[in-house]
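# Observations on chain architecture
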Amino acid sequence: MIKFVVLILVVAVASAIPQILPRLDGRIVGGENATIEQYQYQVSLQFLGEHVCGGSIVSSKYVVTAAHCTNGFSYSSFSINAGSSNLNSGGVNIAVKKILPHPKFNSDTMDYDISVLELDSPLPFGSGIQAVSLPNNDEAATVGADAICTGWGHTNEGGSFSDQLQVVTLKIISTEECINAYGVGKITDRMICAGVGGGNDSCQGDSGGPLVSDGKLVGIVSCGHGCARPSHPGVYTRVSNFRDYITQTAGI
């Protein structure tokens, strides 16, 4: 299931957000409370003022998120909130100036699930607001290494958002193991998987958020089958395969 909520436009605010394959509508499962000062690169991507996805700061004017979080919608409906641990108060809210999804993004297969957001004005870097380091193009995340996932998504499958930022520690899983879980042809070279055999995972509402290992952004929350199921690890966009795309698009 996608770890985002597909946004249904109703007259006032996006009040009905049905669950689909991406992890758009959820929260960290099996995590614990965290503060933004610990994970200063984390932002909330908001649609008409309501949280829908996570994102990661890569420079003062650019954020990366999942392409499925913004697919089909105008940039003018989005903003990001940075610098607050609480989903509903504090922080700095900045409008999105431009949405730059990867041109090869496929909403059916969830391949190339990455988008760069240009902000309307620079983020005020300081405590609680900082950029995350990117991996090199050929830098693969080490299988078995710890990976930190943060967000305000569901704390359980079919649950509700968390007001407080959550964090969970996962393990990078081999491509072969992930293919065994999802089937041949489902996991591409642009994807990386992480989990701990169930119980801990990203979930709806965490889509677009960071997966960080060894201080670098190795993954972007993308999709999966359910949340925290022992048989299906979370699937993330493999950031090392998009280093050039990010740096060229964002000019960093």
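Residues numbered from 1 in each chain as written. Predicted model: local features only at pLDDT ≥ 70, side-chain atom pairs only at ≥ 80, totals over all residues. Heavy atoms only, no water.

### Regarding the overall build of the protein chain
Broken down by element type, the protein chain carries two helices and 15 strands. Out of the 252 residues in the protein chain, the part that is buried amounts to 54%. Put simply, of all contacts in the protein chain between residues at least 6 apart along the chain, 72% involve residues at least 24 apart. Roughly 9800 Å² of accessible area belongs to the protein chain as shown, and the carbon and sulfur atoms make up 47% of that amount. (Helix = DSSP H or I, 4+ residues; strand = E, 2+ residues; numbered from the N terminus. Buried < 20%, exposed > 50% of the residue type's maximum accessible area, 1.4 Å probe, protein only. Contact = heavy atoms within 4.5 Å. Areas by Shrake-Rupley, 256 points an atom, 1.4 Å probe, with all protein chains shown as cover.)

### Digging into the side chain of threonine 65
Along the polypeptide, threonine 65 turns up in strand S6 (residues 62-65). Only 2.9 Å separates the side chain of threonine 65 from the backbone oxygen of glycine 54, close enough to count as a polar contact. Beyond its immediate stretch of four places on either side in the chain, threonine 65 contacts Leu45, Cys53, Gly54, Gly55, Asp113, Ile114, Ser115, Leu117, Ser207, Gly208 and Ile220. (Polar contact = N/O pair within 3.5 Å; in protein donor to acceptor, adjacent residues only side chain to side chain.)

### Focus on the packing of aromatic side chains
On inspection of all chains with the given rule, the structure shows five aromatic pairs. Ring centres of phenylalanine 47 and phenylalanine 73 lie 5.2 Å apart, and the angle between their planes is 70°; this geometry places the pair in the edge-to-face category. Taken as a pair, phenylalanine 47 in strand S4 (residues 42-47) and phenylalanine 73 in the loop between S6 and strand S7 (78-82) lie far apart in primary sequence, 26 residues in all. Assessed through its relative accessible area of 21%, phenylalanine 73 is described here as partly exposed. Where phenylalanine 73 meets phenylalanine 78, the ring centres are 6.5 Å apart and the plane angle is 75°; that geometry is what we call edge-to-face. (Phe/Tyr/Trp six-rings, centres within 6.5 Å; stacked < 30°, edge-to-face > 60°.)

### Concerning the sheet that holds strand S5 (residues 50-59)
Here we have six strands rolled up into a closed barrel, ordered S4-S5-S6-S9-S8-S7, and antiparallel in their pairing. When strand polarity is set aside, the average angle formed by the axes of neighbouring strands in this sheet is 45°. Of the pairings in the sheet, the one linking S7 to strand S8 (residues 92-101) comprises four bridges and is antiparallel in character. Of the residues in S8, the one forming a bridge with alanine 82 is valine 92. Here helix H2 (residues 243-250) sits on the sheet in contact with S5, S6, S8 and strand S9 (115-119), set at roughly 20° to S9. (Pairing = 2+ DSSP bridges. Axes fitted to C-alpha atoms, helices over the stretch in contact; angles between N-to-C directions.)

### Digging into H2
Along H2, the residues classified as buried are Tyr245, Ile246, Thr247 and Ala250. Looking at the buried residues of H2, the elements they touch are S5, S6, S8 and S9.

### Brief notes about the pairing of S7
Most of S7 sits inside the fold, with five of its five residues counted as buried. Residues Phe78, Ile80 and Ala82 point to one face of S7 and Ser79 and Asn81 to the other, with burial holding for every one of them. Looking at chain direction, S4 and S7 are connected through five bridges and run antiparallel. Looking across to S7, one finds that valine 43 is bridged to alanine 82.

### Regarding the confidence of the model for the protein chain
In the predicted model, the protein chain carries a mean pLDDT of 83, and 78% of its residues have values of at least 70. Across residues 23-27, confidence stays below pLDDT 50; counting only partners more than four residues off in sequence or on other chains, it has 63 contacts. (pLDDT = per-residue confidence, 0-100.)

### Observations regarding the state of the cysteines
Applying the stated rule across the entire model yields two disulfides. There is a disulfide in this structure between cysteine 53 and cysteine 69, and the S-S distance comes to 2.1 Å. The S-S bond linking cysteine 53 to cysteine 69 shows a torsion near -95°; that makes this disulfide left-handed. One end of the pair, cysteine 53, is in strand S5; the other, cysteine 69, is in the loop between S6 and S7, with 16 residues separating them in the sequence. Assigned by exposure class, cysteine 53 and cysteine 69 land together as buried. Here cysteine 178 connects covalently by a disulfide to cysteine 193, the sulfurs 1.9 Å from one another. Disulfide cysteine 178 to cysteine 193: torsion about the S-S bond roughly -70°, handedness left-handed. Of the two residues, cysteine 178 is situated in helix H1 (residues 175-182) and cysteine 193 in strand S12 (residues 191-195); the sequence distance between them amounts to 15 residues. Each member of the pair, cysteine 178 as well as cysteine 193, carries the same accessibility label: buried. (Disulfide = S-S within 2.5 Å.)

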